Each structure stands twice: as C-alpha cells, then as structure tokens.
Amino acid sequence: MGEIEISRNEKLEIDLVLQAVYAKYGYDFRNYAKASIRRRVRHSMEKHGLPRICDLQHKLIYDSAFFEQFLLDLTVNVTEMFRDPPFFKTLREKVIPALQDVTPIKIWHAGCATGEEAYSIAILFQEAGMADRVRIYATDANEAVLAVAKKGIYALDHMRQYTTNYQKSGGIASFSDYYTSRYGNAIMNQKLRKRIVFSDHNLVTDDVFGDMDLILCRNVMIYFSRELQERVFEKFTQCLCAGGFLCLGTKESIRYSSISGKYETLMDGQRIYRKRQDPEHSDECIK
C-alpha cells in the first residue's frame with residue numbers, strides 16, 4: 001500500500017471520528033483546518049495509548065468521560081491576562097471611549113478559555129468608570145476551562161507576567177489591587193467577577209447572542225477552515241450593533257471575507273473593526 005493511499009485512508013478515518021463526535025455530542029470540528037486537526041488527533045492517541053484511529057473512534061462513542069478529555073486535546077486554551085498589551089492599549093484608548101454614551105454595554109467574549117482575558121476586559125471598563133453599565137458574556141465550548149474561569153483563581157506565580165502586561169497596556173492602578181493572594185493563588189476580586197457571565201457555548205453550532213456592542217474572538221478561528229470562518233463572521237455580524245466593534249487575533253482578518261464591506265477598519269494591525277452604520281437599519285440596537 002503506497003503512502004498516498006495511506007494518507008487518504010487516514011483522512012477518511014479522521015473524518016469518520018469527527019462525524020462521530022458531531023453525531024454523538026454535537027461538537028462540530030468537521031470544517032476545522034485539516035492539518036491542525038490531524039496533529040491534535042495524533043497527539044491525543046499517543047497521550048491515551050490508542051494505537052489506531054478506529055480505537056479512538058470506538059472509545060469516543062462508548063465512553064463519554066473520555067470525550068471530555070479528547071475535547072481538551074482538540075481545543076486550544078492558552079491565554080493570559082492582557083495578552084498582547086498593544087491590543088488592550090488600543091481598547092483602552094480608542095474603543096472604550098467610543099462606547100462612553102452606550103447604556104447598557106453588552107460584550108461577548110467568544111472562546112474565553114480559562115477567563116484571563118475576560119477579567120482583563122472587566123478591569124479596563126472599571127478603570128474607565130463604566131463598570132456599572134457593562135455586562136460581559138464570556139463563552140467557551142469546553143466546560144473544564146469554564147469551571148476555572150468561573151472560579152477566577154489563578155497561579156500566583158503568573159501574576160508577575162500579568163502585571164507587566166497590564167502596565168504595558170496603559171494600566172493606571174496597582175495590578176495587585178484586582179486580586180487577593182492566598183495559598184499560592186491569586187483570587188480575582190468579586191467586583192470584577194460579578195460583571196462577567198461565563199457560559200457554555202459552541203461557536204459553530206449554537207445560536208448567537210443579540211445586540212452586542214463589542215465582540216472579542218481572538219486566536220480562536222486560526223484553526224478554522226475558510227468555510228467555517230465565514231459562518232462565524234456571519235454570526236458575529238448578525239448580532240453586532242451598528243457602530244459596534246469586532247476584535248480578532250493578530251493572525252485573523254475579515255479582509256477577504258464576504259462581510260468585509262460591512263466594517264471599517266479601526267486598527268488593522270490589531271485586527272479591530274467597526275460595523276458600519278446602515279442607513280436602511282438606522283434604528284437597530286437602539287438602547
């Protein structure tokens with residue numbers, strides 16, 4: 001059997017695994033970038049001692065507890081507070097002032113992972129004196145990372161890097177004011193936590209939220225196929241208010257997408273876009 005046939009067979013087997021995951025659990029990875037999915041599937045098989053893809057498929061179908069582990073292997077949950085400080089500095093200086101007269105301010109942070117960036121957003125609005133008008137909806141398809149986010153407890157030794165990020169983003173307070181140190185952990189302040197609603201949401205298959213003023217989805221769609229990116233962009237555009245902001249990761253862009261004409265670029269280097277005012281729908285999202 002030649003290498004080409006082996007490759008085709010492996011692709012077919014992985015496609016069957018993804019179809020089984022969708023049919024059994026409702027998680028749709030079928031249109032994710034193929035090379036990325038293959039690497040993660042192989043990594044998961046090695047990690048769990050499964051020699052063949054058919055063994056992985058059988059275990060996924062009959063062992064729902066194993067699926068939760070597989071889901072962690074398949075999704076990326078690397079994040080930190082004020083990650084990419086220039087991005088947060090732009091939010092502080094350009095985006096938040098543009099929302100000064102909006103009440104209430106509704107924010108959707110899609111793919112929030114363990115929540116560090118959601119708390120970072122809450123800090124920005126608190127320092128702008130707008131915290132009482134803000135509600136942050138932070139979502140992820142992975143319940144394990146959401147459990148961490150809801151607790152708001154992080155390793156204390158990470159705080160040095162987070163403090164540096166905060167300061168580079170234009171922070172105006174002492175970062176240690178936003179958490180309490182206890183037993184080697186940093187516990188985020190209750191005042192920040194009450195501004196955030198963490199919930200389970202599959203960006204691919206679930207319905208969208210409505211009337212959002214700011215949507216952040218950073219470094220999530222780099223693993224999506226072009227088709228899947230288009231579907232998600234359409235969802236974001238559907239629920240974003242006219243004049244609202246869409247923030248993507250540095251490797252993601254709407255430039256060649258079908259919805260690019262509906263936005264103006266605020267900061268291309270930071271991938272921050274503003275939805276254009278549509279004369280035909282000038283009354284949408286009136287607060």
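Above this note sits the structure.
Cut-offs and rules
Residues numbered from 1 in each chain as written. Predicted model: local features only at pLDDT ≥ 70, side-chain atom pairs only at ≥ 80, totals over all residues. Heavy atoms only, no water. Salt bridge = Lys/Arg side-chain N within 4 Å of Asp/Glu carboxyl O. Helix = DSSP H or I, 4+ residues; strand = E, 2+ residues; numbered from the N terminus. Buried < 20%, exposed > 50% of the residue type's maximum accessible area, 1.4 Å probe, protein only. Pairing = 2+ DSSP bridges. Axes fitted to C-alpha atoms, helices over the stretch in contact; angles between N-to-C directions. Phe/Tyr/Trp six-rings, centres within 6.5 Å; stacked < 30°, edge-to-face > 60°. Lys NZ or Arg CZ within 6 Å of the ring centre and 35° of its normal. Right-handed = clockwise from strand over helix to strand, strands pointing away.

Within the structure shown, the criterion is met by 14 salt bridges. Put simply, D15 and K34 hold a salt bridge, and the shortest N to O gap is 3.8 Å. Placement of the pair is D15 in helix α1 (residues 3-25) and K34 in helix α2 (residues 34-47), with a sequence separation of 19 residues. Given a relative accessible area of 25%, D15 falls into the partly exposed group. Residue classification places K34 among the partly exposed positions, given a relative accessible area of 43%. Two residues, R83 and E117, come together in a salt bridge whose shortest N-O distance is 2.8 Å. In this pair, R83 sits in the loop between α4 (64-74) and α5 (85-98) while E117 sits in helix α6 (residues 116-127), placing the two residues 34 residues apart along the sequence. Here R83 matches E117 in class, with each residue buried.

Read from one edge to the other, the open sheet built from three strands follows the order β3-β5-β4, with strand pairing classed as antiparallel. A single partner strand is all that each edge strand has here, and the edge strands are β3 (153-155) and β4 (179-182). Neighbouring strand axes in the sheet, compared pairwise and without regard to direction, differ in orientation by 30° on average.

Residue P104 is reached from T103 by a cis peptide bond, and omega for that bond is -15°. Position of P104 relative to the elements: it lies in the loop between α5 and β1 (105-110). A positive phi angle, near 55°, is found at F82, a position not held by glycine. For F82, the location among the structural elements is in the loop between α4 and α5. Residue F82 is classed as buried on the basis of its relative accessible area, which comes to 0%.

A separate point is the sheet that holds strand β8 (residues 240-248). Across the sheet, seven strands lie side by side as β6-β2-β1-β7-β8-β10-β9; this open sheet has mixed pairing. Looking along the sheet, the strands with just one partner apiece sit at the ends: β6 (196-200) and β9 (263-267). Strand-to-strand, the axes of this sheet are offset by a mean angle of 20°, without reference to chain direction. Bridge count for β8 against strand β10 (residues 272-275) is three bridges, and the pairing is antiparallel. Bridge pairing in β10 links C247 to I272.

Time to look at the packing of aromatic side chains. Counted according to the given criterion, the structure contains 15 aromatic pairs. Pairing Y25 with F67 gives two aromatic rings, centres 3.9 Å apart and planes at 5°, and the pair type is stacked. Linking Y25 in helix α1 with F67 in helix α4, this pair joins segments that are 42 residues apart in sequence. Clustering of aromatic rings is evident, with ring pairs tying together F82, F87, F88, Y166, F175, Y178 and Y179. Directly above the aromatic system of Y22 lies the positively charged group of R30, at a separation of 3.8 Å from the ring centroid. Between K59 and the ring centre of F66, over which it is positioned, the NZ or CZ distance is 5.3 Å.

Our focus in this paragraph is the pairing of β8. Within a regular beta strand, the side chains point alternately toward one face of the sheet and then the other, so they alternate between its two faces. The element β8 is largely enclosed, with a buried count of nine among its nine residues. Of the strand pairs in this sheet, strand β7 (residues 212-217) and β8 are connected by five bridges, and their pairing is parallel. Along β8, the bridge assignment pairs M212 with L240. Taking the sense of rotation as the criterion, the β-α-β connection linking β7, helix α10 (residues 226-239) and β8 turns out right-handed.

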